[in-house]
Amino acid sequence: MELPAHVGVVGGGTMGASIAHVFLTAGATVTVVESDDDRVAAARRALEQSLQGAADRGKLPEGTDVDGLVGATSIVTGVEHLPPDTRLVVEAVPERVDLKQQILGAAAQRCPDAVLATNTSSLSVGAIGRDLPSGRLLGMHFFNPVPAQRLVELIRPPEVPDELVERVRGWVEALGKTAIVVDDAPGFATSRLGVAVGLEAIRMLEEGVASVEDIDTGMKLGYRWPVGPLELTDIVGLDVRLAIAEHLAQELGERFTPPQLLRDKVARGELGRKSGQGFHHWE
Ligand code: NAD
């Protein structure tokens, strides 16, 4: 299936810039929305770095004009500057229901024919879309780093029609990725399972079952995980995992209650790769 000619990405941070990257290299025209002029400049740098990095690693077709792609991308402040004929809007702003509701409400009005998608990693898509026209919002959960990750998890509130799910699946395939379709249940499929294993690994560490290295090596060599559960927690960010675990404990019960060791590390600022120290030490 052909991608929509024009795609809007709201939020040009870690995820938004690389979501813009994959739509651009697949041939769509992209408008990125940011909050102010400083963030516009930062989003442009992030997009340029993402594309240039891919070109340097030989991941883009020979002769791809990185400067041309960046130059052709509008980066604007405010959803009211999206082209009205935008057919897909992907929201990738911080993980706050009220902010996402406000942005998607404005996008629905500005782009009346657009499919609306949220890149939330844990919030209820139904709650985010509460005030939107019924059946217009679904979750399009991209993974980090977007150009390298092959999965997009589509989160489907019950009122979203089959036709829309299949259209978006076609767009995911046009990006060279694979979609899975999951109900709008807390943590969806990936966050719920990933966090469950990560929390159990932390509890095992607390109980002295094995060392950090041995738990991670066990899963890498024994179960062919590309990274171990503790290393993955470091990569995602201990604070991010703690917030998701708290949300899942509230929604699904005690089995997701964060272990004390996770709370202690976050309180000490040991947030994983981004702070230099988590379960592993990072240079
Ligand atoms: P981020 O903080 O890197 O980027 C968010 C961007 O949104 C920032 O550039 C910020 O300036 C911008 N923004 C804030 N308010 C805005 C507004 N009113 N209008 C336009 N832009 C605004 O965050 P991120 O890591 O890219 O996460 C974005 C979303 O993606 C979150 O919902 C997160 O849960 C989800 N997610 C993140 C990851 C990950 O690994 N980082 C993976 C999957 C999903």
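**Side note on the domain arrangement of the protein**
For the protein, the assigned domains read domain 1 (6–183) and domain 2 (190–267). Look at where the C-alpha atoms of domain 1 and domain 2 centre, and you get two points 28 Å apart. Contacts between the two partners involve seven residues from domain 1, matched on the other side by four residues from domain 2. Between domain 1 and domain 2, a total of about 400 Å² is buried, with carbon and sulfur atoms accounting for 53% of that surface. A per-residue breakdown of the area domain 1 buries against domain 2 is headed by Ser121, Ser122 and Glu153, which together make up 69% of the total. Taken together, the links from domain 1 to domain 2 amount to three residue pairs in polar contact (both at pLDDT 80 or more). Grouping the amino acids of the side of domain 1 that touches domain 2 by side-chain chemistry returns three nonpolar, three polar and one charged.

**Focus: the site of the ligand**
Of all residues adjacent to the ligand, which total 23 residues, the nearest are Glu34, Arg39, Glu95, Lys100 and Ser121. Between the ligand and Thr14 there is a distance of 3.0 Å, counted from an oxygen atom to a backbone nitrogen or oxygen. Here an oxygen atom of the ligand and a backbone polar atom of Val93 are 3.3 Å apart. When the free accessible area of the ligand is taken as 830 Å², the share hidden by the protein chains comes to 75%. Looking at the shell around the ligand residue by residue, the class counts come to nine nonpolar, 10 polar and four charged.

**What to know about the environment of Ile202**
Within the secondary structure layout, Ile202 lies in helix 7 (residues 190–206). Judged by relative accessible area, which is 1%, Ile202 ranks as buried. Spatially, the C-alpha atoms of Ile202 and Ala72 are 46 Å apart, while their sequence positions differ by 130 residues.

**Let's talk about unusual backbone geometry**
A cis geometry characterises the amide bond from Asn144 onward to Pro145, with omega recorded as 0°. Relative to the assigned elements, Pro145 resides in the loop between strand 6 (137–142) and strand 7 (151–156). Despite not being glycine, Phe188 shows a phi value in the positive range, around 50°. Relative to the elements of secondary structure, Phe188 occurs in the loop between strand 8 (178–183) and helix 7. The residue Arg224 is not glycine, and still its phi comes out positive at about 60°. Position of Arg224 relative to the elements: it lies in the loop between helix 8 (212–223) and helix 9 (229–236). A residue is classified by how much of its surface remains accessible, and Arg224, at 76% relative accessible area, is exposed.

Rules used throughout
- Residues numbered from 1 in each chain as written.
- Predicted model: local features only at pLDDT ≥ 70, side-chain atom pairs only at ≥ 80, totals over all residues.
- Heavy atoms only, no water.
- Domains from an automatic or database assignment.
- Contact = heavy atoms within 4.5 Å.
- Buried area = accessible area lost by both parts, 1.4 Å probe.
- Polar contact = N/O pair within 3.5 Å; in protein donor to acceptor, adjacent residues only side chain to side chain.
- Nonpolar A, V, L, I, M, F, W, Y, C, P; charged D, E, K, R; others polar.
- Near = heavy atom within 4 Å.
- Areas by Shrake-Rupley, 256 points an atom, 1.4 Å probe, with all protein chains shown as cover.
- Helix = DSSP H or I, 4+ residues; strand = E, 2+ residues; numbered from the N terminus.
- Buried < 20%, exposed > 50% of the residue type's maximum accessible area, 1.4 Å probe, protein only.

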